[in-house]
Amino acid sequence: MISKRPLIELLKMPTRNGLTKPKKIRGHGYKMVSMGEIFAHSRISNIDMERVPVTSAEMENYVLEKNDLLFARQSLVLEGAGKCSIIIEVKEPVVFESHLIRIRIDEKIANPMYVYYFFNSPFGRKYMMTIVEQVAAAGIRARDLVKLYIPYPSVDVQNKIVVILQFIDDKIECNAAINKNLDVERCAAESSMFD
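Given the structure is predicted, the values throughout are model-derived calculations rather than measurements.

K.L.:
Teacher, can you tell me more about the sheet that holds strand 9 (residues 94-96) here?
P.N.:
One key point about sheets: their strands pair by backbone hydrogen bonds, in either a parallel or an antiparallel sense. Spatially, the three strands line up as an open sheet ordered 5-3-9, and their pairing is mixed. Each edge of the open sheet carries a strand with a single partner, namely strand 5 (51-52) and strand 9. Relative to strand 5, strand 3 (residues 30-33) runs antiparallel, the two being bridged by two bridges. Bridge assignment links Tyr30 to a residue of strand 5, and that residue is Val52.

Structure, rendered in structure tokens:
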């Protein structure tokens, strides 16, 4: 039987909510992951994002690292609350906005990708719904999130699970890119028929 551990026992550092940056000062500075990126990308890499000015003190507390997990604190729809994404690549300093919770897993204890896959599984999403509060918008709190118990096989087993699921995700992304290219080529071919 697989044991379970509360998420808080897997953390490298305490959870953190992101930065608040008004729209009027945005447009230059450092990239900032916002709700838009969370809902558009489960695995976040070097993508276009809004830029914001960030002080050195803010940078120290809010910069993201590879394998950081980000959870949507709020959503207009119930299913969006607690949406989990993972940072898979960082090519320049990136921060995150206030509607997100950052979780940094201690990689000596658990594989962050395993935790990411758990929270994106049907079981993990169902489990997340146990802490969602519905008022004007659906939301979660970091203090409730870290109390959730997750299945905890050995790190070796976690790593094997991640290899399989990453292969599937990579294949899905590859197929999506091929389909997009085929659609572009088909559209170009159809439009050339009228030239």
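K.L.:
Help me understand the packing of aromatic side chains, please; the structure alone is not making it clear to me.
P.N.:
By convention here, two paired aromatic rings are described through the distance between centres and the angle between planes. Across all of its chains, the model carries seven aromatic pairs by this definition. Pairing Phe118 with Phe119 gives two aromatic rings, centres 5.0 Å apart and planes at 70°, and the pair type is edge-to-face. Neither Phe118 nor Phe119 differs from the other in exposure class; each is buried. Summarising the aromatic geometry, the rings of Phe118 and Phe123 are spaced 5.9 Å apart at their centres and angled 65° between planes, so their arrangement reads as edge-to-face. Here Phe118 falls in the buried class, since its relative accessible area comes to 7%. Taking the relative accessible area as the measure of exposure, Phe123 reaches 46% and is therefore partly exposed.

K.L.:
Explain the pattern of salt bridges to me, please; I cannot follow it from the model alone.
P.N.:
When the charged atoms of two side chains lie near each other, side chains of opposite charge can form a pair. Within the structure shown, the criterion is met by 14 salt bridges. Between Glu58 and Lys21 there is a salt bridge whose closest N-O contact spans 2.9 Å. Here Glu58 is found in helix 2 (residues 56-62), whereas its partner Lys21 is found in the loop between strand 2 (16-17) and strand 3, with 37 residues between them in sequence. On the accessibility criterion, Glu58 (19% relative accessible area) is buried. Classification of Lys21 by relative accessible area gives buried; the value is 10%. The salt bridge partner of Arg43 is Asp170, with a shortest N-O separation of 2.9 Å. Placement of Arg43 in strand 4 (residues 43-44) and of Asp170 in helix 6 (residues 155-192) is noted, with a sequence separation of 127 residues between them. For Arg43, a relative accessible area of 11% translates into the label buried.

K.L.:
Please explain the side chain of Glu37 as it appears in this structure.
P.N.:
Along the chain, Glu37 falls in helix 1 (residues 35-40). The buried charged residue Glu37 lacks any salt bridge, with Arg26 as its nearest oppositely charged partner at 7.9 Å. Dropping the residues within four chain positions of it, Glu37 is found in contact with Met32, Ile44, Ile47, Asp48 and Met49.

K.L.:
I tried to follow helix 4 (residues 122-129) on my own but got confused; where do I start?
P.N.:
Regarding helix 4, the residues found buried are Gly124, Arg125 and Met128. The arc that holds every buried residue of helix 4, seen down its axis, measures 100°, which confines them to one face. Residues of helix 4 that are exposed and point over 90 degrees away from its buried face: Pro122 and Lys126. On its buried side, helix 4 packs onto strand 6 (69-72), helix 3 (112-120) and helix 5 (142-145).

The rules behind each value
Starting from 1, residues in each chain are numbered consecutively following that chain's sequence as written. Given that this is a predicted model, residues contribute local features only at a pLDDT of at least 70 and side-chain atom pairs are listed and counted only at 80 or more, while totals for whole chains, interfaces and linings are drawn from all residues. Side-chain descriptors were evaluated using all non-hydrogen atoms of the structure, hydrogens and water having been removed beforehand. Paired strands are those between which DSSP finds at least two bridges. By definition, any uninterrupted DSSP run of H or I lasting at least four residues is a helix, any uninterrupted run of E lasting at least two residues is a strand, and each is numbered from the N terminus. Classification of ring pairs uses Phe, Tyr and Trp, with its six-membered ring standing for Trp, and accepts pairs whose centres are within 6.5 Å; under 30 degrees between planes counts as stacked, over 60 as edge-to-face, and the remaining range as tilted. Think of it in three bands: residues with accessible area under 20% of the maximum for their type are buried, residues over 50% are exposed, and the middle band is partly exposed, with areas taken using a 1.4 Å probe on protein chains only. A pairing counts as a salt bridge when a side-chain nitrogen of Lys or Arg comes within 4 Å of a carboxyl oxygen of Asp or Glu. Under the counting rule used here, the positive set is Lys and Arg, the negative set is Asp and Glu, and His together with the chain ends is not counted. Only heavy atoms enter the contact rule, under which two residues are in contact if any of them lie within 4.5 Å. What the arc describes is the spread of directions from the helix axis to the C-beta atoms.

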